[in-house]
Every structure is written in C-alpha cells, then in structure tokens.
Amino acid sequence: MPRIPTQISSVRKVFLDFKKQLENPKNSKAVEEFENALFKLITDYNTTIYANRFIVGDVVEILLCALIKAVGLKCEISNQERTDLYIQIPNGPGGMFSIKSNFTGSGTIRLINVMGSSEGTTWSEPTIFLIAGKGIYYADPYMNIPVKRTGDAITVNIKDLENVKDELKLTGIRIPQKPDNPQSAISPAYDVVKSILETIKSKKLIKHV
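Residues numbered from 1 in each chain as written. Predicted model: local features only at pLDDT ≥ 70, side-chain atom pairs only at ≥ 80, totals over all residues. Heavy atoms only, no water.

1. Notes on the packing of helix H2 (residues 28-44) against helix H3 (residues 52-70)
Here H2 crosses H3 at 175°, and the two axes come no closer than 10 Å. Taken together, H2 and H3 sit at an angle that is classed as roughly antiparallel. The residues of H3 that touch H2, namely those facing Ala30, Val31, Phe34, Ala37, Leu38 and Leu41, are Val56, Val59, Val60, Leu63, Leu64, Leu67 and Ala70. When the residues that make up the contact of H2 with H3 are grouped by side-chain class, the tally is 13 nonpolar, no polar and no charged. (Axes fitted to C-alpha atoms, helices over the stretch in contact; angles between N-to-C directions. Helix = DSSP H or I, 4+ residues; strand = E, 2+ residues; numbered from the N terminus. Parallel < 35°, antiparallel > 145°, perpendicular 65-115°, else oblique. Contact = heavy atoms within 4.5 Å. Nonpolar A, V, L, I, M, F, W, Y, C, P; charged D, E, K, R; others polar.)

This is how it looks when you write it as structure tokens:
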C-alpha cells in the first residue's frame, strides 16, 4: 500500500472536523438552511437541462463554502483548474478540495474532463461528493477507489464511493434528488437578463422577458 502523503492526511483531518461540526446540534440551523437552499436550487435549475449544470455546480460550491464558514471553519473559493475550495481548520491544517455533486443518486460522477488528448491525466485531488439521497462523502486517490477513463472523462461509480469508511461519510445531510420533470426549471440566463434590465431601469425590454 502506497504511503499516504502528509497533505492528504491533513485534508482528511479537515473533512473529519467539518463532519464533526455538521453533526453538532448547535449547527443544525445552518445545516437546515443548506439543505433547503439545495432543494430550491435543484428544483428551480434542474440539471436535466444541460445549460443549468455549470451554474448549479458554481452555486453548490458557494453554498458549501458558506456552510463551512457558518460552522466555524475557514473557506475560500479556489481559482485553480481542478480544485474548487480551500478549507482550513482555524489554527489547524488546511487543504484544497474538488467538489462534485450528483442529484440522481446513482450512476457515475465525472472527476476530470480530459478531452481525449491528455492520456497521462489522473485523479489526484481530495474530493468532497454531494450525492442525492446519500449525503456528503469524502474520497481521495489513496483510498483504492476504482476510477474509469471513458473517452473524454475520468469517472467514478457511486456504488464504489459507498464503500468508503463510515467516518468519511455524512449520511445525515439531506442532498435532494432532482425532479423527473424539468419543465418548470428556470434558465439562469433569464435571471441574468432580468438583473441587467432592472439595473439599467429598462422600461420596454423588461416587459417582454
């Protein structure tokens, strides 16, 4: 078994502390608001509509970062290509995490988009997974979880993620499942357009959006 790098050990400690804080009854209101926000997000911006997937991914990261800070840890949005959040225990270790979500609760999750040309690309990021009907899981490449390359992506099967140790799972968090019918979903483009038109105090165009 390969030796686990110090940085990986540190980020695992960060996740364990995050889990401890979320399970603390004093943080129940923050958890409830996070769950309600996710439900509203995936109901209004159903990811069955392809264009919604990018905005939902960004919003999930922002909401999760807000939750992390609300329960007493430090968090910053990352500008790096394959990581999304920097999370740190106050006066303790910290590290970079990739954030992945799945709102069906089954199938596979894309870890990395490789675009077919980067044959040497591998999964190397500690990752927090939000999985519908299951909760929040942590996994990293040193946990011997099978991953698969499928042309333009490296993926992991949710069934394999369920094999991670219970201490690295937060099953008490309600991650919602997206509605089967996306007809009532909103396109984020409409929200942007409305915001712009309201900002410029539109009189004519806003009536037709």
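2. As for the pattern of salt bridges
Two side chains of opposite charge can pair, provided their charged atoms sit close to one another. The final tally for this structure, using the stated rule, is 7 salt bridges. With a closest N to O distance of 2.8 Å, Asp140 and Arg12 form a salt bridge. Separated by 128 residues along the polypeptide, Asp140 in the loop between strand E6 (135-139) and strand E7 (147-149) and Arg12 in helix H1 (residues 6-22) bring together distant segments of the chain. As far as burial versus exposure is concerned, Asp140 and Arg12 are alike and both buried. Across the pair Lys134 and Glu162 runs a salt bridge, and its minimum N-O distance is 3.6 Å. (Salt bridge = Lys/Arg side-chain N within 4 Å of Asp/Glu carboxyl O. Buried < 20%, exposed > 50% of the residue type's maximum accessible area, 1.4 Å probe, protein only.)

3. What about the sheet that holds strand E9 (residues 169-170)?
Sheet architecture is open: 6 strands sit in the order E1-E2-E3-E5-E6-E9, paired in mixed fashion. Looking at the sheet topology across the chains shown, the edges are occupied by strand E1 (74-77) and E9. Here E1 pairs with strand E2 (residues 85-88) via 4 bridges, running antiparallel. Note on E2: the bridge partner recorded for Lys74 is Gln88. The strands that H1 touches are E2, strand E3 (94-102), strand E5 (127-131), E6 and E9; relative to E3, the one it contacts most, it runs at about 65°. (Pairing = 2+ DSSP bridges.)

4. Considering the packing of aromatic side chains
Under the counting rule described, the total for this entry stands at 4 aromatic pairs. A ring pair is formed by Phe15 and Phe18, whose centres lie 6.4 Å apart and whose planes are at 70°; its orientation type is edge-to-face. Taken together, the residues Phe15 and Phe18, both in helix H1 and 3 residues apart, mark about one turn of the helix. Summarising the burial analysis for this pair, Phe15 and Phe18 share the class buried. Every member of this aromatic cluster is reached through a ring pair, and the members are Phe15, Phe18, Phe97 and Tyr138. (Phe/Tyr/Trp six-rings, centres within 6.5 Å; stacked < 30°, edge-to-face > 60°.)

5. Concerning unusual backbone geometry
Look at Asn144: it is not a glycine, yet its phi comes out positive at around 55°. A relative accessible area of 59% means that Asn144 is categorised as exposed. Although it is not a glycine, Lys201 adopts a positive phi angle of roughly 55°. Mapped onto the secondary structure, Lys201 falls in the segment after helix H5 (188-199).

6. Considerations on a positive patch on the surface
A cluster of basic residues, Lys201, Lys203, Lys204 and Lys207, forms a positive patch at the surface. Tracing the backbone shows Lys207 in the segment after H5. Judged by its relative accessible area of 65%, Lys207 is exposed. (Patch = residues over 30% accessible without salt bridge, like charges linked within 9 Å, V, L, I, M, F, W, Y side chains within 5 Å. Areas by Shrake-Rupley, 256 points an atom, 1.4 Å probe, with all protein chains shown as cover. Lys, Arg positive; Asp, Glu negative; His and termini not counted. Charge placed at Lys NZ, Arg CZ, Asp CG, Glu CD.)

7. Focus: the nonpolar core
Most often, soluble globular proteins have nonpolar side chains that are buried together. Of all hydrophobic cores here, the largest spans 52 residues; its most connected members are Leu64 and Leu130. Leaving out residues up to four positions away in the same chain, Leu130 has contacts with Phe34, Leu38, Val60, Leu64, Ile99, Lys100, Ser101, Asn102, Gly135, Ile136 and Ile175. (Core = buried A, V, L, I, M, F, W, Y, C linked by side-chain atoms within 4.5 Å.)

8. Some points on the state of the cysteines
For the structure on display, the rule yields 1 disulfide. The disulfide that involves Cys65 links it to Cys75, with 2.4 Å between the sulfurs. When the S-S torsion is -130°, as for the bridge of Cys65 with Cys75, the disulfide is left-handed. One end of the pair, Cys65, is in helix H3; the other, Cys75, is in strand E1, with 10 residues separating them in the sequence. Exposure remark for Cys65: the relative accessible area of 4% places this residue in the buried category. Judged by relative accessible area, Cys75 falls into the buried class, the value being 9%. (Disulfide = S-S within 2.5 Å.)

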